[in-house]
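# Chains, contacts and geometry: an overview
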Amino acid sequence: MAEVVRYDNIMQYLLRKNGNYLFKVPFRDGWAVLKNYQGSRSQFAYMKKSVTNILYYNQTSFMPKGRYTTELGCMRVWREAGVRVFDIYEDVIVEGLQEGFYAMFEYVDKPRFAIYFADKSVPLEEKLEVWRRFLPVWHRRLALAIERREARLIHENGDMKHVMIMPDGDFLFFDFEMAYRSPNRVPEFVAHEILAYLKSLCKTVGRDQWPVFMKETVLHFPDRKLLRSAYEFQFEHANPFMRLARLLDRTLRLKNRKYFSKYNVARRLRDMIDAA
């Protein structure tokens, strides 16, 4: 039978809200994360973002029920692929919340990439060792996504904020509310994730250490052809309309001229791969 829990003053446990409410709640002599997917934005805001995601970005719905379904579905796919994600307490009912719009996850308090790699007290060589261990784990999932044509294996919101370093040397991934949809575009989505992670890495470690981390990426990522696809889909897309759209995007939008823009990161990645 399902375990029933109740929190009379749930807001006292609020961690953050951003399209959903996230709570750190007492549970079974410890803590759990209770995620409520509805209520922090207006219905119009949910619908507007959903239309943009579905029609323009080829992503799943932003509606509360859609994000709940997508996240739990992605976590199942990732777990079955051998990738570490939060455990889900599926046998729990939270009184006062609408069934099908919330989930209870294990609480894990371990260093996130965004904090660890930005910490100046951690020696550079130690950081590089962690990054080298991460690269084959990252590559294996991306290769599986392509092999299986499984868009849900791509981390749509993949960056340094959403990976934890576990004590046993493994890595835990989280935040799967949104996912890509088309199996025919999986290689392109993979290229997009590569850029997103490297762009976030660059912002995290800073300009001084960025070349060192990028060199390690080129040397130790198991498939340079896959790595180089991050550049090719931005500058050499097979679809001429996409090539034109991205040419206009990088030419007209000022943010795309920044040092850490996806286009500049893609160029530097290509240059390092070619030099290697």
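Structure: see above.
Being a predicted model, the structure only gives us computed values, none of them experimental.

This part is about helix 4 (residues 124-148). An ideal rise of 1.5 Å per residue puts 36 Å on 25 residues; helix 4 measures up with 36 Å between its terminal C-alpha atoms. Of the surrounding secondary structure, the elements contacted by the buried residues of helix 4 are helix 2 (64-80), helix 3 (113-116), strand 7 (163-165), strand 8 (171-173), helix 5 (186-220) and helix 6 (224-235). Just past helix 4, the residue Arg149 takes up positive phi, approximately 55°.

A positive phi angle, close to 65°, is found at Asp29, a residue other than glycine. Checked against the element boundaries, Asp29 lands in the loop between strand 3 (21-27) and strand 4 (30-36). At Asn58, a position not held by glycine, the phi torsion is positive, near 55°. Here Asn58 is to be found in the loop between helix 1 (43-55) and helix 2. On the basis of relative accessible area, Asn58 is assigned to the buried category, the value being 14%.

Look at helix 5 against helix 8 (residues 262-275): their axes get within 11 Å of each other, and the N-to-C directions meet at 25°. Judged by the angle between their axes, helix 5 and helix 8 are roughly parallel. Considering how the two elements wind past one another, helix 5 and helix 8 form a crossing that is left-handed. Along its contact with helix 5, which presents Leu195, Leu198, Lys199, Cys202, Trp210, Pro211, Met214, Lys215 and Val218, the element helix 8 presents Lys262, Val265, Ala266, Arg268, Leu269, Met272 and Ile273. Considered class by class, the residues forming the contact of helix 5 with helix 8 number 12 nonpolar, no polar and 4 charged.

A separate point is the packing of aromatic side chains. According to the stated counting rule, one finds 30 aromatic pairs in the structure shown. With 5.7 Å between their ring centres and 80° between their planes, Tyr37 and Tyr68 make a pair best called edge-to-face. Of this pair, Tyr37 sits in the loop between strand 4 and helix 1 while Tyr68 sits in helix 2, and the two are 31 residues apart along the sequence. We classify Tyr37 as buried; its relative accessible area is 0%. Aromatic pair Tyr231 and Phe235: ring centres 4.6 Å apart, planes at 15°, arrangement stacked. Separated by 4 residues within a single helix, Tyr231 and Phe235 lie in helix 6, roughly one turn from each other. The pair Tyr231 / Phe235 is uniform in exposure class, with both members buried.

Conventions used here
- Residues numbered from 1 in each chain as written.
- Predicted model: local features only at pLDDT ≥ 70, side-chain atom pairs only at ≥ 80, totals over all residues.
- Heavy atoms only, no water.
- Helix = DSSP H or I, 4+ residues; strand = E, 2+ residues; numbered from the N terminus.
- Expected span 1.5 Å × (residues − 1).
- Contact = heavy atoms within 4.5 Å.
- Buried < 20%, exposed > 50% of the residue type's maximum accessible area, 1.4 Å probe, protein only.
- Axes fitted to C-alpha atoms, helices over the stretch in contact; angles between N-to-C directions.
- Parallel < 35°, antiparallel > 145°, perpendicular 65-115°, else oblique.
- Left-handed = near helix turned anticlockwise from the far one by under 90°.
- Nonpolar A, V, L, I, M, F, W, Y, C, P; charged D, E, K, R; others polar.
- Phe/Tyr/Trp six-rings, centres within 6.5 Å; stacked < 30°, edge-to-face > 60°.

This is a description of form; function is not addressed.
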